[in-house]
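Chain by chain, the residues run as shown.
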Amino acid sequence: MSTEMLPFDAAEALAAAALRASGARAEAAEQTASALARADLDGIASHGLSRVPAYAAQLRAGKVKGDAVPAVTRPADATVAVDAADGLAYPAIATGIAWAASLLGRAGVVAVGVRNSHHAGALGLFVEDLARDAGAFAIAFTNSPAGIAPPGSGTPLFGTNPVAFACPMAGRDPLVIDLSLSVVARGRIMIAAQKGEPIPEGWATDDRGNPTTDAKAALAGAMLPIGGAKGAALVLMVELLTAALTASHAGFEASSFFDDAGGPPRIGHLFLAIRPGAVAADTDVVAARVAAITGRMLAEPGVRLPGDRRLALRARNRAEGIVYPTALLAQLRTLAAGSGPG
Ligand code: NDP
């Protein structure tokens, strides 16, 4: 595959131009491009600029509203409700995160719900921002279109529903844990199906709920959650924390993030920010406990902290540039020039 190296700023600018030319208002395009380029910087290519062609097609079709402006209401002292208004997710999330940061000092704990939203990308970025910029312990949840079946069924009802956590660490970047609740991303099964290769047992079931190593049968079936029935219970928990608490579509009601068919996905996100000194210890004691707990882990040979692989990639990609498939960049340049099919 032919590739091209782009500095972060150039990647961000190209994505923003492609999104603007596809109908996103300027600030929404910039916020979206920034999140996608940051995911690429961290090596999360599945949630980076590779998503722009699909977002652009959805903007052009009106499945995502390019001119949507997030609307904020304050249902309670420590809560923020953001209506993404069928627009891109990132402007609504940025609005909610800014509110959380501004309320945290007084409130101690803040919950932000985002409804009528779209693909939130790499969820860890937002909790990392809350940890770095607001000093918060932060947790994020989002639901996503159906891919995982409840135990006993082969019918996907719920999304891969990622969960992310971050907390500040003295003298370094925050610790970030960021994971989806499926064993593997659907994209890996799609690649196996394209190559005609089998998949390992434990990744997916067929449409009857039977384990399968046939990638095509898996695509017609369901992805398996991490941790068997316990993971499936977490998937349901995330669905309820997002789709129920924010009155959004459940996975089985949401349209795809990948194509322009159907109406807006209207999924939901939930962010919780906790000020370390506001719970049962003062801030310095919390910081000392974080250092002691992570330090003990790192004293074990071969152990690293979650998120540190991404930080290493971030440092390298910032210095050297991000490697992109040439074909993707050509597609984005066509979109940015305003002549793409979307
Ligand atoms: P990974 O499986 O790559 O990583 C899961 C977590 O485990 C990371 O925090 C990772 O840290 C950590 N980890 C893995 N191996 C180790 C290890 N040996 N030691 C310590 N920690 C480790 O993530 P996923 O594939 O599940 O998710 C990828 C991205 O996709 C995420 O950003 C997620 O938010 C996003 N996503 C978004 C969806 C959406 O609808 N918006 C849907 C599904 C996924 P590290 O990264 O440093 O390795």
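Residues numbered from 1 in each chain as written. Predicted model: local features only at pLDDT ≥ 70, side-chain atom pairs only at ≥ 80, totals over all residues. Heavy atoms only, no water.

## What to know about the overall build of the protein
Here is step 1 of the chain: On a plain count of helices and strands, the protein comes out with eleven helices and eleven strands.
Here is step 2 of the chain: Relative to the 2.2 N^0.38 estimate, which gives 20 Å for 342 residues, the radius of gyration of the protein is 20 Å and therefore close to what a compact globule would have.
Here is step 3 of the chain: Principal-axis analysis of the C-alpha atoms gives the protein an extent of 55 × 45 × 45 Å.
Here is step 4 of the chain: Looking at the protein as a whole, 47% of its 342 residues qualify as buried.
Here is step 5 of the chain: Sequence separation of 24 or more characterises 66% of the internal contacts of the protein that already satisfy a separation of 6 or more.
Here is step 6 of the chain: Just so you have it, the protein exposes about 15,000 Å², and 59% of that area is on carbon and sulfur atoms.
Here is step 7 of the chain: Positive and negative side-chain charges of the protein, numbering 29 and 30 respectively, have mean locations separated by a distance of 1 Å. (Helix = DSSP H or I, 4+ residues; strand = E, 2+ residues; numbered from the N terminus. Rg over C-alpha atoms; globule rule 2.2 N^0.38 Å. Buried < 20%, exposed > 50% of the residue type's maximum accessible area, 1.4 Å probe, protein only. Contact = heavy atoms within 4.5 Å. Areas by Shrake-Rupley, 256 points an atom, 1.4 Å probe, with all protein chains shown as cover. Lys, Arg positive; Asp, Glu negative; His and termini not counted. Charge placed at Lys NZ, Arg CZ, Asp CG, Glu CD.)

## Let's talk about helix α8 (residues 228-244)
Because an α-helix completes one turn every 3.6 residues, residues spaced three or four positions apart along the sequence face the same direction.
Here is step 1 of the chain: Here α8 is 17 residues long and its end C-alpha atoms lie 23 Å apart, about the 24 Å a rise of 1.5 Å per residue gives.
Here is step 2 of the chain: Residues of α8 that are buried make contact with β5 (137-142), β6 (163-169) and β10 (267-274). (Expected span 1.5 Å × (residues − 1).)

## Description of the site of the ligand
Here is step 1 of the chain: Taken together, the neighbourhood of the ligand is formed by 22 residues, with Asp 178, Ser 180, Arg 304, Arg 309 and Arg 310 sitting nearest.
Here is step 2 of the chain: Here a nitrogen atom of the ligand sits 2.9 Å away from a polar atom, N or O, in the main chain of Gly 121.
Here is step 3 of the chain: In the environment of the ligand, an oxygen atom lies 2.5 Å from a nitrogen or oxygen atom belonging to the side chain of Asp 178.
Here is step 4 of the chain: In isolation the ligand offers 920 Å² of accessible surface; the protein chains occlude 72% of this area. (Near = heavy atom within 4 Å. Polar contact = N/O pair within 3.5 Å; in protein donor to acceptor, adjacent residues only side chain to side chain.)

## Observations regarding the packing of aromatic side chains
Here is step 1 of the chain: Counting across every chain of the model gives five aromatic pairs.
Here is step 2 of the chain: Ring centres 6.3 Å apart and planes at 40 degrees place the aromatic pair Tyr 55 and Tyr 90 in the tilted group. Of this pair, Tyr 55 sits in helix α3 (residues 52-61) while Tyr 90 sits in helix α4 (residues 89-107); the two residues are 35 residues apart in sequence, bridging distant segments of the chain.
Here is step 3 of the chain: Measuring from ring centre to ring centre gives 6.3 Å for Phe 158 and Phe 252, while their planes differ by 55 degrees; the resulting arrangement is tilted. Here Phe 252 lies in the loop between α8 and β10 and Phe 158 lies in the loop between β5 and β6, a separation of 94 residues in the sequence.
Here is step 4 of the chain: Aromatic rings pair up to connect Tyr 55, Tyr 90, Phe 126 and Phe 271 into one cluster.
Here is step 5 of the chain: The ring centre of Phe 8 lies 4.9 Å from the NZ or CZ of Arg 318, which sits over that ring. (Phe/Tyr/Trp six-rings, centres within 6.5 Å; stacked < 30°, edge-to-face > 60°. Lys NZ or Arg CZ within 6 Å of the ring centre and 35° of its normal.)

## Description of the sheet that holds β6
What holds strands together in a sheet is hydrogen bonding between their backbones, with the strands either parallel or antiparallel.
Here is step 1 of the chain: Pairing is mixed across the open sheet formed by seven strands, whose spatial order is β2-β3-β4-β10-β5-β6-β7. Each of the sheet's edge strands pairs with one partner strand only, and the pair in question is β2 (71-73) and β7 (172-179). For this sheet the average axis-to-axis angle between neighbouring strands, irrespective of direction, equals 15 degrees.
Here is step 2 of the chain: Looking at chain direction, β2 and strand β3 (residues 79-83) are connected through three bridges and run antiparallel. Among the inter-strand pairings, Ala 71 is bridged to a residue of β3, identified as Asp 83.
Here is step 3 of the chain: Along the sheet face, α4 touches β2, β3, β4 (109-117) and β10 and points at about 165 degrees away from the line of β4. (Pairing = 2+ DSSP bridges. Axes fitted to C-alpha atoms, helices over the stretch in contact; angles between N-to-C directions.)

## Here's the deal with helix α11 (residues 326-336)
Here is step 1 of the chain: Residues of α11 that are buried: Leu 328, Leu 329, Leu 332 and Leu 335. Axial view of α11: buried residues confined to an arc of 120 degrees, hence all on one face.
Here is step 2 of the chain: Structurally, α11 contributes buried residues whose contacts are with β1 (3-6), α1 (8-21), α3 and β11 (322-325).
Here is step 3 of the chain: Immediately beyond the C-terminal end of α11, within one or two residues, lies Gly 338, with a positive phi of roughly 85 degrees. (Arc of directions from axis to C-beta.)

## So, the pattern of salt bridges
Here is step 1 of the chain: This structure, assessed with the given rule, holds 13 salt bridges.
Here is step 2 of the chain: Between Arg 310 and Asp 178 there is a salt bridge whose closest N-O contact spans 2.8 Å. Here Arg 310 is found in helix α10 (residues 308-320), whereas its partner Asp 178 is found in strand β7, with 132 residues between them in sequence. Residue Arg 310 shares its accessibility class with Asp 178, and that shared class is buried.
Here is step 3 of the chain: The shortest N-O distance in the salt bridge between Glu 300 and Arg 296 comes to 2.9 Å.
Here is step 4 of the chain: Overall, the relative accessible area of 37% leaves Glu 300 in the partly exposed class. (Salt bridge = Lys/Arg side-chain N within 4 Å of Asp/Glu carboxyl O.)

## What to know about the pairing of β7
Here is step 1 of the chain: For β6 and β7, the ladder comprises six bridges, and the chain directions are antiparallel. What sits directly across from Cys 167, in β7, is Leu 175.

## Some details on the domain arrangement of the protein
Here is step 1 of the chain: According to the domain assignment, the protein contains domain 1 (1-61 + 308-342) and domain 2 (68-182 + 225-306).
Here is step 2 of the chain: Domain 1 and domain 2 are separated by 23 Å when their C-alpha centres are compared.
Here is step 3 of the chain: With 24 residues of domain 1 at the interface, the matching set in domain 2 holds 26 residues.
Here is step 4 of the chain: Interface of domain 1 and domain 2: buried area, both sides summed, is about 2,100 Å²; carbon and sulfur atoms make up 53% of it.
Here is step 5 of the chain: By the criterion of area lost to domain 2, the three top residues of domain 1 are Arg 38, Gln 58 and Asp 308, representing 26% of everything that side buries.
Here is step 6 of the chain: Glu 128 is paired through a salt bridge with Arg 314; the nearest N and O atoms lie 2.8 Å apart.
Here is step 7 of the chain: One can count twelve residue pairs in polar contact (both at pLDDT 80 or more) joining domain 1 with domain 2.
Here is step 8 of the chain: Elements with a minimum of two residues in the side of domain 1 that touches domain 2: α2 (26-41), α3 and α10.
Here is step 9 of the chain: Per element, the largest residue contribution to the side of domain 1 that touches domain 2 is seven residues, and it comes from α2.
Here is step 10 of the chain: Per-class residue counts for the side of domain 1 that touches domain 2 are twelve nonpolar, four polar and eight charged. (Domains from an automatic or database assignment. Buried area = accessible area lost by both parts, 1.4 Å probe. Nonpolar A, V, L, I, M, F, W, Y, C, P; charged D, E, K, R; others polar.)

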